[in-house]
Amino acid sequence: MALDLSSFLGRKNSPLVGLDISTSDIKLVELSRSGENDYKLERCAIEPLPKGAVVDGNIESLELVSEAILKVLKRSGTSTRNVALAMPASSVITKKMVLPGSLNEQALEFQVESEASQYIPFAMDEVSIDFCVVGPSASSSEDVDVLLAASRKEKIEDRVAAAEASGMTAKVMDIESYAARAAVARLVQQQPNAGQDQIYALFQIGSKVTYISILLNGEVVYERDQQFGGNQLTQDIVRNYGMSFEDAETKKRQSDLPDSYGMELLEPFLENAALEVTRAIQFFFTSTPYTRIDQIFLAGGCALLPGLVDIVAERTKLSTTVISPFKGMSVASNVVEKSLRSDAPSYFVACGLAMRRFD
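Residues numbered from 1 in each chain as written. Predicted model: local features only at pLDDT ≥ 70, side-chain atom pairs only at ≥ 80, totals over all residues. Heavy atoms only, no water.

Asks: Looking at this model, I keep getting lost on the pattern of salt bridges. Mind explaining?
Replies: Where side chains of opposite charge bring their charged atoms close, a pairing between them can arise. Scanning all chains against the criterion turns up 18 salt bridges. Note that Arg43 and Glu30 form a salt bridge whose closest N and O atoms lie 3.4 Å from each other. Of the two residues, Arg43 sits in strand S3 (residues 38–48) while Glu30 sits in strand S2 (residues 25–34), which places them 13 residues apart along the sequence. Here Glu47 makes a salt bridge to Arg75, at a shortest N to O gap of 3.2 Å. Pair noted here: Glu47 is in strand S3 and Arg75 is in helix H1 (residues 62–76), with a separation of 28 residues, a long-range link. Given a relative accessible area of 9%, Glu47 falls into the buried group. We classify Arg75 as exposed; its relative accessible area is 53%. Beyond isolated ion pairs, a larger network of salt bridges with shared partners links Asp20, Asp25, Lys27, Glu249, Lys252, Arg253 and Asp343. (Salt bridge = Lys/Arg side-chain N within 4 Å of Asp/Glu carboxyl O. Helix = DSSP H or I, 4+ residues; strand = E, 2+ residues; numbered from the N terminus. Buried < 20%, exposed > 50% of the residue type's maximum accessible area, 1.4 Å probe, protein only.)

Asks: Would you mind going over the side chain of Asp174 with me for this structure?
Replies: With respect to the helices, strands and loops of the structure, Asp174 is situated in strand S10 (residues 169–175). A polar contact is formed between the side chain of Asp174 and the side chain of Arg356, at a distance of 2.4 Å. (Polar contact = N/O pair within 3.5 Å; in protein donor to acceptor, adjacent residues only side chain to side chain.)

Asks: Would you take a moment to explain the packing of aromatic side chains for this structure?
Replies: Any pair of aromatic rings gets described here by the distance separating the centres and the angle formed by the planes. For the structure on display, the rule yields seven aromatic pairs. Centroid distance Tyr39 to Phe358: 5.5 Å. Interplanar angle 55°. Geometry classified as tilted. Separated by 319 residues along the polypeptide, Tyr39 in strand S3 and Phe358 in the segment after helix H10 (348–355) bring together distant segments of the chain. Residues Phe284 and Phe285 carry aromatic rings whose centres are separated by 5.6 Å and whose planes lie at 45° to one another, so their mutual orientation is tilted. Looking at Phe284, the relative accessible area reads 0%, which means it is buried. In this structure an aromatic cluster arises from ring pairing among Tyr222, Phe284, Phe285 and Tyr290. Lying over the aromatic face of Phe122, Arg152 brings its terminal NZ or CZ to 4.4 Å of the ring centre. (Phe/Tyr/Trp six-rings, centres within 6.5 Å; stacked < 30°, edge-to-face > 60°. Lys NZ or Arg CZ within 6 Å of the ring centre and 35° of its normal.)

Asks: How should I be thinking about the sheet that holds S2 in this particular structure?
Replies: The strands making up a sheet associate through backbone hydrogen bonding, with each pair oriented either parallel or antiparallel. Strand order in this open sheet of six strands is S10-S6-S1-S2-S3-S16, and the pairing throughout is mixed. In this open sheet, the two edge strands, each paired with only one partner strand, are S10 and strand S16 (330–331). As paired strands, strand S6 (residues 82–87) and S10 are joined by six bridges and run parallel to one another. Note on S10: the bridge partner recorded for Ala84 is Val172. (Pairing = 2+ DSSP bridges.)

Asks: How do you make sense of the packing of helix H5 (residues 231–241) against helix H6 (residues 245–254) when you look at a structure like this?
Replies: For the pair H5 and H6, the least separation of the axes is 9 Å and the interaxial angle reads 115°. Here H5 is positioned roughly perpendicular relative to H6, judged by the angle of their axes. Between H5 and H6 the crossing geometry is right-handed. Contact residues: H5 offers Asn231, Leu233, Thr234, Gln235, Ile237 and Val238, while H6 offers Phe245, Ala248, Glu249 and Lys252. Looking at the contact of H5 with H6 residue by residue, the classes come out as five nonpolar, three polar and two charged. (Axes fitted to C-alpha atoms, helices over the stretch in contact; angles between N-to-C directions. Parallel < 35°, antiparallel > 145°, perpendicular 65-115°, else oblique. Left-handed = near helix turned anticlockwise from the far one by under 90°. Contact = heavy atoms within 4.5 Å. Nonpolar A, V, L, I, M, F, W, Y, C, P; charged D, E, K, R; others polar.)

Asks: Looking at this structure, how should I read the nonpolar core?
Replies: Generally speaking, soluble globular proteins have nonpolar side chains that are buried together. Of all hydrophobic cores here, the largest spans 37 residues; its most connected members are Phe203, Ile293, Ile296 and Leu308. Contributions of two or more residues to this core are made by strand S11 (199–205), strand S12 (210–216), H5, H6, helix H7 (261–287), strand S14 (295–299) and helix H8 (308–316). Among the elements that take part in this core, H7 stands out by supplying 11 residues, more than any other. Residues within four places of Leu308 in sequence aside, it is in contact with Ile205, Leu270, Ala273, Leu298, Cys302 and Ala303. (Core = buried A, V, L, I, M, F, W, Y, C linked by side-chain atoms within 4.5 Å.)

Asks: Got a minute to help me understand unusual backbone geometry in this structure?
Replies: For residues other than glycine, phi is negative in most cases, and the peptide bonds are mostly trans. With phi around 55°, Ala194 is a residue other than glycine that occupies positive phi space. Summarising the element assignment, Ala194 is placed in the loop between helix H4 (176–188) and S11.

Asks: Please clarify how the pairing of strand S13 (residues 219–226) should be interpreted in this entry.
Replies: Both faces of the sheet carry side chains from a regular strand, because those side chains alternate between them. As paired elements, S12 and S13 share seven bridges and run antiparallel to each other. Across the sheet, Ser213 pairs through a bridge with Glu223, a residue of S13. Between the antiparallel neighbours S12 and S13 lie two residues, among them Asn217 with a positive phi of about 50°.

Asks: Explain the sheet that holds strand S9 (residues 143–152) to me, please; I cannot follow it from the model alone.
Replies: Strand order in the open sheet formed by three strands is S7-S9-S8, and the pairing between neighbours is antiparallel. Where the open sheet ends on each side, the last strands, each with one partner, are strand S7 (92–100) and strand S8 (127–136). Looking at each pair of strands side by side, their axes are set apart by 25° on average, direction ignored. Relative to S9, S8 is paired through nine bridges, and the arrangement is antiparallel. Bridging from a neighbouring strand, Cys132 pairs with Leu147 of S9.

Asks: Sorry, what's going on with the environment of Asp25 here?
Replies: Looking at the secondary structure, you find Asp25 in strand S2. Each C-alpha atom of the pair Asp25 and Ile69 lies 9.6 Å from the other, and the pair is 44 residues apart in sequence. For Asp25, the residues in contact, after removing those within four places along its chain, are Asp20, Ile46, Glu47, Pro48, Leu49 and Arg253. Separated by 3.5 Å, the side chains of Asp25 and Ser24 make a polar contact. Here Arg253 takes part through its side chain, which lies 3.3 Å from a polar atom of the side chain of Asp25.

Here you go:
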């Protein structure tokens, strides 16, 4: 394989922590097993990133990112230095291929690399690729479905370098949407009848982008992203109250803003957020064979904004709830429950990465 990691798509590595490098902050999660089928949250921590350190998923300042990683490691108290990282979905090309099931691993690898060039709009020496066998092909009993993933080497190397500059060793490179999906799949299993035949829509509202995944019986049937996020509200606070971006973000999180904030800024933002969700659902209905959604899950840093869950439920006429990736997990005594409650919905990618330890 071209990629010098244990896996691009995330095979077993142990022990390790999940580290989510986003545009606005760095999040860390460490899990252990609790019994045979579930997890214990051992540690989690979040550290804000200075504005401009990561832009559109690209690391612009290795120094600022590695400093933030060191801070989040110290804050979490972890001694583990093996880490699972993730690439933004926009930086990764994925393609499902159908190949003969009779090929051994070496022949399969050769075949994947031979066919990869037709799907990748870059020179092959500029990309890192990996693949995994998904399972038997629905079109032929003698073939298998193979998932190809490819990304520019420089983008992967930036994330690996940031981890290594902080004394960590990158063991797994995943895709953010896949990691979040793994964390959500665990929650779906907790639903009545394990969520069988129910359609769940996950909206992860981040700082700049809202990621939408719609799942049915463990499969993603629809996925896209929209350019909408919490930074719009932060920028409104900056303009209206003359604060720095960092102060505005902090005061937004702490609800420490003037009385006029609710009516002048928060309510219009919530209306826009609900409109974005409604539009995304209508687009899902018009571009797929599906005509219903049974449950909306809200996650991401904006999920706990006061009033968001109510206005989304009202506008969509659908059952809506804010979810935590740690629901049903036992929690170590060193985890601060108050901070966990306020930040939990933003930990989906980091939690899914931490789960890779047990794949």
